[in-house]
Amino acid sequence: MTPNLQINPQRLWDSLMETAKIGGTPKGGICRLTLTDHDRRVRDWFRAECETLGCTVTVDEVGNMFAVRPGRRADVLPVAMGSHLDTQPTGGKFDGVLGVLGGLEVLRTLNDTGYETNAPLMLVNWTNEEGSRFAPAMLASGVYAGVFDRAFADSRQDRDGVTFGEALEAIGYRGEAKAGSVKFGAMFELHIEQGPILEAEEKAIGVVQGVQGMRWYEVNLTGREAHTGSTPMTLRRNALVGAARLVERVDRIAHAHAPSAVGTVGLMEVKPNSRNVIPGHVFFTVDFRHPNDAVLDEMEKAFFAAVEEVASALKLESDAGKIWESPAVRFDADCIAAVRSATERAGLPARDMVSGAGHDAAYIARVAPTTMIFVPCAGGLSHNEEESTSFDECAAGAQVLLGAVLDYDRR
Ligand code: HGY
Ligand code: MN
Ligand code: MN
Ligand code: MN
């Protein structure tokens, strides 16, 4: 019988609020972009807390951090928990952080009680999950899983031309361990849902079955800069008009595959961005997602056709390409069963669901049995400084994480 250990909700909440100050914003969110000094500070905090618990901390060559708490048997692969400590520029206090600090609370609880697990336990902080500063998202868990190689990751540039490799070394987190060399037997990722379903259905836990497919595109439209006052409308080649039409087409393509499809233009750069010059160049990004990869193929085909059509109608040059895709993922049945039994033991209302957002677990599922545990967030709001998850919801998630990891450890 799995022991009935209880996490310390206040201690978890205090750590969430303490780390939220690192990169904290006036509106109560966090701006802690990956591989910045704020990221270094929270990494240092994380390493110190794990070492205080007697864990050994290993860092790999793309900055992933692995803290290990010994178990009875050193010959058994660790059971891992993990998520990310980097945030969006206008991120909230819980996206990613809850998964790492929830795992830390599990380790603290086991140390409080002196409980010895069969397998070692591991807690992971994955580098650059957000993909906001360095695209694509889940970059370092992708290197760990063999989706990308280290050279690709190192070469990724932010909008100021700084590379991932330079930034990683600047904060002192280029570790010795080869990516993928630090092994574990399974991974559980606790995360806020970042959507409205659990709150709307008054469920405390999402028993996550998988992650939907995701694709990112980059588009360059080139027209001609010219005077806004003296250039007749019929002689213009306005790149921003083309971009505006394609923003609307992305929206229309997603609506055409409702209710599951989503499509977003999130980043746009207009040149020369001067109020009395006709925009000659626009760069923008597209994010498409859907649980079914075949539908993503249809959305992609429709989008590329729209780029051709709009560019020719406006006499623009266009260059559109896919820069990243993460196919739809199904999680491991044994891991899901451990989450379900822990949820039932905690007496929490739950529902099965697929993740709309991307997570490191989507890549880790390729190399180890993996699953996720969701808790609600107010209004389903995330990637927003007002993101909020309650004291009790965080506690429930960490309690289920503890129960699931102990169940899995005793299988
Ligand atoms: O894009 C995502 O879904 C993740 O939050 N990086
Ligand atoms: Mn996240
Ligand atoms: Mn996120
Ligand atoms: Mn994510």
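- The name an unreviewed UniProt entry gives the chain is M20 family metallo-hydrolase, with Chelatococcus albus as the organism.

### A closer look at the pairing of strand 3 (residues 79-83)
Right, on to step 1. Burial analysis of strand 3 places 5 of its 5 residues in the buried class, which makes it a mostly covered element.
Right, on to step 2. Here strand 3 shows two buried faces, one formed by Val-79, Met-81 and Ser-83 and the other by Ala-80 and Gly-82.
Right, on to step 3. Regarding topology, helix 3 (residues 97-113) serves as the crossover connection from strand 3 to the parallel strand 4 (residues 121-125), and that connection is right-handed.
Right, on to step 4. Of the strand pairs in this sheet, strand 3 and strand 5 (residues 186-192) are connected by 3 bridges, and their pairing is parallel. Note that in strand 5 the partner of Met-81 across the bridge is Phe-188.

### Quick look at the pairing of strand 10 (residues 281-290)
Right, on to step 1. By the criterion of burial, strand 10 is predominantly enclosed, with 10 of the 10 residues buried.
Right, on to step 2. Going residue by residue along strand 10, you find His-281, Phe-283, Thr-285, Asp-287 and Arg-289 tucked away on one face and Val-282, Phe-284, Val-286, Phe-288 and His-290 tucked away on the opposite face as well.
Right, on to step 3. Judged from the 10 bridges that link them, strand 7 (residues 213-222) and strand 10 form a sheet pairing that is antiparallel. Across the sheet, Val-219 pairs through a bridge with Phe-284, a residue of strand 10.
Right, on to step 4. Across 3 bridges, strand 8 (residues 262-264) lies against strand 10 in antiparallel orientation. Residue Val-262 lies in a different strand from strand 10, and its bridge partner there is Arg-289.

### Some words on the coordination of the manganese ion (ligand 4)
Right, on to step 1. For the manganese ion (ligand 4), the protein coordination sphere consists of Glu-129 (OE) and Gly-358 (O), at 2.1 Å.
Right, on to step 2. Between the manganese ion (ligand 4) and the manganese ion (ligand 2) the interatomic distance amounts to 3.0 Å. Of this pair, Glu-129 sits in the loop between strand 4 and helix 4 (139-144) while Gly-358 sits in the loop between strand 13 (350-355) and helix 11 (360-364), and the two are 229 residues apart along the sequence.
Right, on to step 3. Accessibility expressed as a relative area gives 4% for Glu-129, which makes it buried.

### Side note on the state of the cysteines
Between two cysteines, a covalent bond joining their sulfur atoms is known as a disulfide.
Right, on to step 1. All told, the structure shown has 0 disulfides when counted by the stated rule.
Right, on to step 2. No disulfide involves Cys-55; its sulfur sits 5.3 Å from the nearest other cysteine sulfur, which is in Cys-50.
Right, on to step 3. Take Cys-55: its relative accessible area is 6%, and that puts it in the buried class.
Right, on to step 4. Cys-394 takes part in no disulfide bond, and the closest cysteine sulfur, belonging to Cys-377, lies 10 Å away.

### Focus on the packing of helix 1 (residues 9-20) against helix 12 (residues 391-409)
Right, on to step 1. Two elements in contact, helix 1 and helix 12, have axes whose closest approach is 9 Å; the angle formed by their N-to-C orientations is 110 degrees. Between helix 1 and helix 12, the interaxial angle falls into the category roughly perpendicular. For the element pair helix 1 and helix 12, the recorded crossing hand is right-handed. Contacts from Pro-9, Gln-10, Leu-12, Trp-13 and Leu-16 in helix 1 reach Phe-391, Cys-394, Ala-395 and Ala-398 in helix 12.

### Quick notes on the UniProt feature "domain: Peptidase M20 dimerisation" (unreviewed entry) in the chain
Right, on to step 1. The positions UniProt marks with the feature "domain: Peptidase M20 dimerisation" (unreviewed entry) are residues 210-311.
Right, on to step 2. As annotated, residues 210-311 has a helix share of 36% and a strand share of 28%, and its two end C-alpha atoms lie 37 Å apart.

### Notes on the site of ligand 1
Right, on to step 1. Taken together, the residues surrounding ligand 1 are Glu-129, Glu-130, Ala-137, Arg-289, Ala-357, Gly-358 and His-383.
Right, on to step 2. Taking Glu-129, its side chain carries an N or O atom lying 3.2 Å from a nitrogen atom of ligand 1.
Right, on to step 3. The contact in question runs from an oxygen atom of ligand 1 to an N or O atom on the side chain of Arg-289, over 2.7 Å.
Right, on to step 4. Coverage of ligand 1 by the protein chains reaches 95% of its 210 Å² of free accessible surface.
Right, on to step 5. Of the residues assigned to the shell around ligand 1, the class counts are 2 nonpolar, 2 polar and 3 charged.

Analysis parameters
- Note on numbering: residues in each chain are counted from 1, in written sequence order.
- By the order in which they are written, chains take letters starting at A while ligands take numbers starting at 1.
- With pLDDT at 70 or above as the cut-off, local features in this predicted model cover only qualifying residues; side-chain atom pairs require 80 or more to be listed or tallied, and sums for whole chains, interfaces and linings still use all residues.
- Working from all heavy atoms in the structure, the side-chain values ignore hydrogens and water.
- A simple rule labels every residue: compare its accessible area, found with a 1.4 Å probe on the protein chains alone, to the largest value its type can have, and call it buried under 20%, exposed over 50%, or partly exposed in between.
- Put simply, DSSP H or I for four residues or longer makes a helix, DSSP E for two residues or longer makes a strand, and each gets a number counted from the N terminus.
- A right-handed crossover is one whose linking path, passing over the helix from the first strand to the second, runs clockwise when the strands point away from the viewer.
- A pair of strands is considered paired only if DSSP assigns at least 2 bridges between the two.
- Each metal site lists N, O and S donors within 2.8 Å (3.2 Å for Na, K and Ca). With water left out of the atoms, a site can look as if it is missing ligands.
- Criterion for a disulfide: a pair of cysteine sulfur atoms within 2.5 Å.
- Fitted lines through C-alpha atoms give the axes, limited to the stretch in contact for helices. The angle between two N-to-C directions lies from 0 to 180 degrees.
- Here the angle decides the label: under 35 degrees means roughly parallel, over 145 means roughly antiparallel, 65 to 115 means roughly perpendicular, and every other value means oblique.
- The handedness criterion is simple: a crossing whose near helix is rotated anticlockwise from the far helix by less than a right angle is left-handed, and one whose near helix is rotated clockwise is right-handed.
- By definition in these notes, contact holds between two residues if any of their heavy atoms fall within 4.5 Å.
- UniProt positions are given in the numbering used here, feature names are shortened, and annotations may be inferred rather than shown by experiment.
- Whether a residue is near a molecule or strand depends on its heavy atoms: it is near if one of them lies within 4 Å of it.
- Under this definition, polar contacts are N or O atom pairs within 3.5 Å; protein pairs additionally need one hydrogen-donor-capable and one acceptor-capable atom, and for neighbouring residues in sequence, both atoms have to be side-chain atoms.
- Each accessible area is a Shrake-Rupley estimate made with a 1.4 Å probe; only the visible protein chains count as cover when residues are assessed.
- Three classes are used, and their members are as follows: Ala, Val, Leu, Ile, Met, Phe, Trp, Tyr, Cys and Pro are nonpolar, Asp, Glu, Lys and Arg are charged, and the others, Gly among them, are polar.

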